[in-house]
Amino acid sequence: MSTAVRICVCGDEGTGKSSLIASLVKGVFVANKIQAVLPQVTIPPTTGTPENVTTTIVDTSARPQDRTTLRKEIRKSNVILLVYSDHYSYERVALFWMPYFRSLGVNVPVVLCANKSDLVSDGNAAQVAEEEMLPVMAEFREIDSCIRTSAKEQKNVIEVFYLCQKAVTHPIAPLFDYKEGQLKPACVDALRRIFFLSDKDQDGYLNDQEMQDFQQKSFDKPLSQEDLDNIKLTVSKSVPSSSTDKGLDLRGFLQLNKLYAEKGRHETIWIILRKYHYTDSLSLEDSFLHPRFDVPDYASAELSPAGYRFFMDLFLTFDKDNDGGLNDRELAALFAPTPGLPHSWAETSFPSTTVRNEAGHITLQGWLAQWSMTTFLEPKTTLEYLAYLGFETPNARETTTAALKITKPRKRRRRPGRVDRNVVLCYILGSSGAGKSSLLDVFLNRPFDTLYHPTIKPRQAVNSVELQGGKQCYLILEELGELEPAILENQAKLDACDLICYAYDSSEPDSFSHIVELRKRYPQLDELPAVYTALKADRDKTTQRSELQPDAYTAALNMSAPLHVSVTWNSISELFVALAEAATNPSTAFPRSEEPPADRASLYMALGATACAALAAFMIWRRSTSNAA
Ligand SMILES: Nc1nc2c(ncn2[C@@H]2O[C@H](COP(=O)(O)OP(=O)(O)OP(=O)(O)O)[C@@H](O)[C@H]2O)c(=O)[nH]1
Ligand SMILES: Nc1nc2c(ncn2[C@@H]2O[C@H](COP(=O)(O)OP(=O)(O)OP(=O)(O)O)[C@@H](O)[C@H]2O)c(=O)[nH]1
Ligand SMILES: [Ca+2]
Ligand SMILES: [Ca+2]
């Protein structure tokens, strides 16, 4: 919105341009001859000034020799005050002035002023408007408003300049189409969204309480019962088919605003739109959608209790059939005041990233998990959607950032104790076919699928996990697909990750070596806490083709031995608890720091050596037997 209004006063010679300016500034009519062109005046905002703008008024001359200056001033202005005072100068409005402004290519509102009204008898006022003003207004859309003034009698002098200010601060053009007699589509879209956000119970009507809240928010003052009844009466009169028993429906709400526009009270619409953070071009303010929110290094973003509350209420409001899931229609209704699903959700075929019910609809648990993940991975998206979806705080000065919080930085991961995080990210690394996707599926309570679909794009799954002691945390599991090398080379990605889960297929002899290779190739992985997991434990365990067998390998690292799990076993959920525990208590997932007793260390090494020898012997034996066969 503009903070300054520059008014260029134009019109034929002798129409009273300079007199109007002098009358405004001095407060009295200057009867004696005044300067042809007054110097420009700048007026600071006063109590009545719309939007507290500073106003500059520029006088001009219509004489041909002053044309260059006139042109320059018109181009610099935000609004033109076009003055006429008799029949001749009136004719010149349509014949010269309006076409002239158009030929300059300026796109500013024009306020048309019929000055010297003292010379016309009062009875004529209505007729003047009918016969003179309406036709030119109809012909030239850029005319914002018309007014009759008298500099001599101080009539409408303050008002005419006020109209000029308002034409800039509260323009009618973006809201209303005179030719069609309709609110413009962008205005209807914005009002529809505002109606939708105000209809808190989503029954399609603004009931009395919702109207009160809307009024309070828009105009910072309560709505009296009388005013409310009047509004309803006006609407029911103008939309005869609508009943206002349950409140105001969308049609009635739009009609009400249309009436404002028709009656020249379009500033009311602007007040509403601006309260809901619309810009002059009827888009949402960038600072509203993207407030400043910085996540320091080693910290993360999470939803605050207010944020969780908001998303929970949203879910409950839109689960109309109360079946504990949001079906496609309910989801579409929920996202109606937004541009659609967040980009990243659409890309990851939401809701497949989180918990769904049998019908495939996202559950409340899944919904909160999904937002927890989004906030963790891309807090700006959450902030944007909080704005679209109408998150409000009791304190008007607070923004959507009140729905988020920043966790304490956790640079020193080896320090004992829990980290200040309720949402954690765990990368699952392992050879292709090791069973990573199956792990993600079972994490989301999906049935086990024996069919193998290799993963190409990174894939995430998020769910809540109950930690020991009953505390909830959200665990994001991510398998990296073909981007595994790229992601592991990216230090920022590793810093953001809370835990590495090394996974291998215990029934596949070439599976564990992938982990050994990864750790060799990316030594920076050792800076992260880790958990080793042997997958497909329901199948026959086989010897790994690796220098050390997994147990010996982890023992040599002073790490816990791999957990043996199978997605076909119910006990698989214990793995997720173990991962969440390790991620929130990272020091437990590093090599134990106390040096083990010397003889035990050598025992591990020796064990490793025997294991290798055994493996070699085994392979030789196999080969000879197969040769024999
Ligand atoms: N009766 C009457 N006379 C007015 C009014 N306003 C201005 N006049 C007179 O009209 C004449 C022209 O007024 P100006 O203010 O100089 O007009 P202008 O448009 O600035 O004229 P230029 O500078 O020549 O372009 C003066 O004699 C004013 O006193 C008015 O409201 N009523
Ligand atoms: N018996 C058994 N089979 C499993 C288990 N987990 C996974 N599988 C099967 O192993 C095969 C590969 O599983 P995926 O989960 O696709 O393996 P992945 O690690 O995601 O594979 P990539 O995406 O190629 O890296 C599939 O046919 C699964 O059905 C398990 O616990 N037991
Ligand atoms: Ca003048
Ligand atoms: Ca309602």
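Calculation notes
- Residues numbered from 1 in each chain as written.
- Chains lettered and ligands numbered in written order.
- Predicted model: local features only at pLDDT ≥ 70, side-chain atom pairs only at ≥ 80, totals over all residues.
- Heavy atoms only, no water.
- UniProt positions renumbered as here; feature names shortened; annotations may be inferred.
- Near = heavy atom within 4 Å.
- Polar contact = N/O pair within 3.5 Å; in protein donor to acceptor, adjacent residues only side chain to side chain.
- Areas by Shrake-Rupley, 256 points an atom, 1.4 Å probe, with all protein chains shown as cover.
- 1 Å grid on protein atoms, 1.4 Å probe; cavity = no way out; pocket = protein on both sides within 12 Å on 5 of 7 lines; lining within 4 Å.
- Sits in = over half its atoms within 2 Å of the grid points.
- Helix = DSSP H or I, 4+ residues; strand = E, 2+ residues; numbered from the N terminus.
- Nonpolar A, V, L, I, M, F, W, Y, C, P; charged D, E, K, R; others polar.
- Pairing = 2+ DSSP bridges.
- Domains from an automatic or database assignment.
- Salt bridge = Lys/Arg side-chain N within 4 Å of Asp/Glu carboxyl O.
- Buried < 20%, exposed > 50% of the residue type's maximum accessible area, 1.4 Å probe, protein only.
- Core = buried A, V, L, I, M, F, W, Y, C linked by side-chain atoms within 4.5 Å.
- Phe/Tyr/Trp six-rings, centres within 6.5 Å; stacked < 30°, edge-to-face > 60°.
- Donors = N, O, S within 2.8 Å, 3.2 Å for Na, K, Ca; no water.
- Tetrahedral: all angles 85-135°; square planar, octahedral: opposite > 155°, others 65-115°.
- Axes fitted to C-alpha atoms, helices over the stretch in contact; angles between N-to-C directions.
- Contact = heavy atoms within 4.5 Å.

- Going by UniProt, the protein chain carries the name Mitochondrial Rho GTPase 1 and comes from Neurospora crassa.
- Under Function, UniProt gives the following word-for-word description of the protein chain: "Mitochondrial GTPase involved in mitochondrial trafficking. Probably involved in control of anterograde transport of mitochondria and their subcellular distribution."

### What about the site of ligand 2?
Thinking step 1. The full set close to ligand 2 counts 21 residues, and Lys436, Ser438, Asp449, Thr450 and Tyr452 are the nearest of them.
Thinking step 2. Ala434 places a polar main-chain atom, nitrogen or oxygen, 3.2 Å from an oxygen atom of ligand 2.
Thinking step 3. Residue Ser438 places a side-chain N or O atom 2.6 Å away from an oxygen atom belonging to ligand 2.
Thinking step 4. With the chains in place, 91% of the 650 Å² that ligand 2 exposes on its own is no longer accessible.
Thinking step 5. In this structure the site holding ligand 2 corresponds to the second largest pocket.
Thinking step 6. No other element matches the three residues that helix H17 (residues 436–443) contributes to the shell around ligand 2.
Thinking step 7. Its residues placed into classes, the shell around ligand 2 shows six nonpolar, nine polar and six charged.

### Things to note about the sheet that holds strand E19 (residues 530–535)
Thinking step 1. Pairing within the open sheet is mixed, and its six strands lie in the order E16-E17-E15-E18-E19-E20. Across the chains shown, the open sheet's two edge strands, defined by having one partner strand only, are strand E16 (459–466) and strand E20 (563–564).
Thinking step 2. Summarising the sheet, strand E15 (residues 423–429) and strand E18 (residues 499–505) pair through four bridges and their orientation is parallel. By the bridge assignment for E18, Tyr427 is matched with Ile500.

### Here's the deal with the domain arrangement of the protein chain
Thinking step 1. If you check the domain split of the protein chain, you get domain 1 (4–169), domain 2 (182–283), domain 3 (299–406) and domain 4 (423–589).
Thinking step 2. One C-alpha centre belongs to domain 1, the other to domain 4; they are set 75 Å apart.

### Regarding the site of ligand 1
Thinking step 1. Of all residues adjacent to ligand 1, which total 17 residues, the nearest are Lys17, Ser18, Ser19, Asp118 and Ala151.
Thinking step 2. Asn115 is positioned with one of its side-chain polar atoms (N or O) 3.4 Å from a nitrogen atom of ligand 1.
Thinking step 3. Lys116 is positioned with one of its side-chain polar atoms (N or O) 3.1 Å from an oxygen atom of ligand 1.
Thinking step 4. Notes on ligand 1: free accessible area 640 Å², of which the protein chains cover 78%.
Thinking step 5. Residue composition of the shell around ligand 1, by class: four nonpolar, seven polar and six charged.

### Overview of the pattern of salt bridges
Thinking step 1. Counted according to the given criterion, the structure contains 23 salt bridges.
Thinking step 2. Between Arg192 and Asp189 there is a salt bridge; the shortest N-O distance is 3.3 Å. Note that Arg192 and Asp189 are positioned in helix H6 (residues 185–198) at a spacing of three residues, about one turn of the helix.
Thinking step 3. For Arg192, a relative accessible area of 39% translates into the label partly exposed.
Thinking step 4. Between Glu527 and Arg414 there is a salt bridge, with the nearest N and O atoms lying 3.7 Å from each other. Linking Glu527 in the loop between helix H20 (512–521) and E19 with Arg414 in the loop between strand E14 (404–406) and E15, this pair joins segments that are 113 residues apart in sequence.
Thinking step 5. In this structure Glu527 comes out as partly exposed when scored by relative accessible area, which is 48%.
Thinking step 6. The structure contains a network of salt bridges with shared partners spanning Glu51, Arg274 and Asp280.

### Brief notes about the nonpolar core
For soluble globular proteins, the rule of thumb is that nonpolar side chains tend to be buried together.
Thinking step 1. Formed by 92 residues in total, the largest nonpolar core has its most connected members in Ile269, Leu273, Phe311, Trp367, Tyr427, Leu429 and Ile500.
Thinking step 2. One finds Val465, Ile572, Leu575 and Ala583 within the second-largest nonpolar core, a separate group that totals 29 residues.

### Focus: the packing of aromatic side chains
Thinking step 1. Per the stated rule, a full pass over the model turns up 30 aromatic pairs.
Thinking step 2. Measuring from centroid to centroid gives 6.4 Å for Tyr100 and Phe101, while their planes differ by 50 degrees, and the two rings are tilted.
Thinking step 3. What makes Tyr100 buried here is its relative accessible area of 11%.
Thinking step 4. Among the residues examined, Phe101 registers a relative accessible area of 3% and is labelled buried.
Thinking step 5. Relative to Phe318, the ring of Phe196 has its centre 6.2 Å away and its plane inclined at 25 degrees; by these criteria the two rings are stacked.

### Observations regarding the coordination of the calcium ion (ligand 4)
Thinking step 1. Those donors, Asp199 (OD), Asp201 (OD), Asp203 (OD), Tyr205 (O), Glu210 (OE) and Glu210 (OE), are the protein atoms that reach the calcium ion (ligand 4), and they lie 2.0 to 2.7 Å from it.
Thinking step 2. The coordination sphere of the calcium ion (ligand 4) comprises six donor atoms, whose angles at the metal cover 50 to 168 degrees; the geometry is irregular.
Thinking step 3. Mapped onto the polypeptide sequence, the residues donating to the calcium ion (ligand 4) form the spacing pattern D-x1-D-x1-D-x1-Y-x4-E.
Thinking step 4. Its relative accessible area of 21% is what places Tyr205 among the partly exposed residues.

### Some remarks on the coordination of the calcium ion (ligand 3)
Thinking step 1. Within the protein, the calcium ion (ligand 3) binds to Ser18 (OG) and Ala36 (O); these donor distances fall in the range 2.0 to 2.1 Å. Residue Ser18 is found in helix H1 (residues 17–26), and its partner Ala36 is found in the loop between H1 and strand E2 (41–43); the two are separated by 18 residues along the sequence.
Thinking step 2. When its relative accessible area of 9% is taken as the criterion, Ser18 is described as buried.

### Section: the sheet that holds E2
Thinking step 1. What the six strands build is an open sheet, ordered E2-E3-E1-E4-E5-E6; its pairing is mixed. Whereas interior strands pair on both sides, the edge strands pair on one side only; in this sheet they are E2 and strand E6 (143–148). Each adjacent strand pair in this sheet contributes to an overall mean axis angle of 20 degrees, direction not counted.
Thinking step 2. In the sheet, strand E4 (residues 79–84) pairs with strand E5 (residues 110–114) via five bridges, with the strands oriented parallel. By the bridge assignment, Val83 is partnered in E5 with Cys113.
Thinking step 3. Along the sheet, helix H3 (residues 87–103) contacts strand E1 (4–11), E4, E5 and E6; its crossing angle with E4, the most-contacted strand, is approximately 155 degrees.
Thinking step 4. This element, helix H5 (residues 157–169), spans E1, strand E3 (54–59), E4, E5 and E6 of the sheet and lies at about 125 degrees to E1.

### Here we look at helix H10 (residues 266–275)
Thinking step 1. Summarising burial for H10: seven of the 10 residues are buried, a large majority.
Thinking step 2. All buried positions along H10 are accounted for by His266, Thr268, Ile269, Trp270, Ile272, Leu273 and Arg274.
Thinking step 3. Residues of H10 that are buried make contact with H5, strand E8 (182–183), H6, helix H7 (208–219) and helix H9 (250–262).

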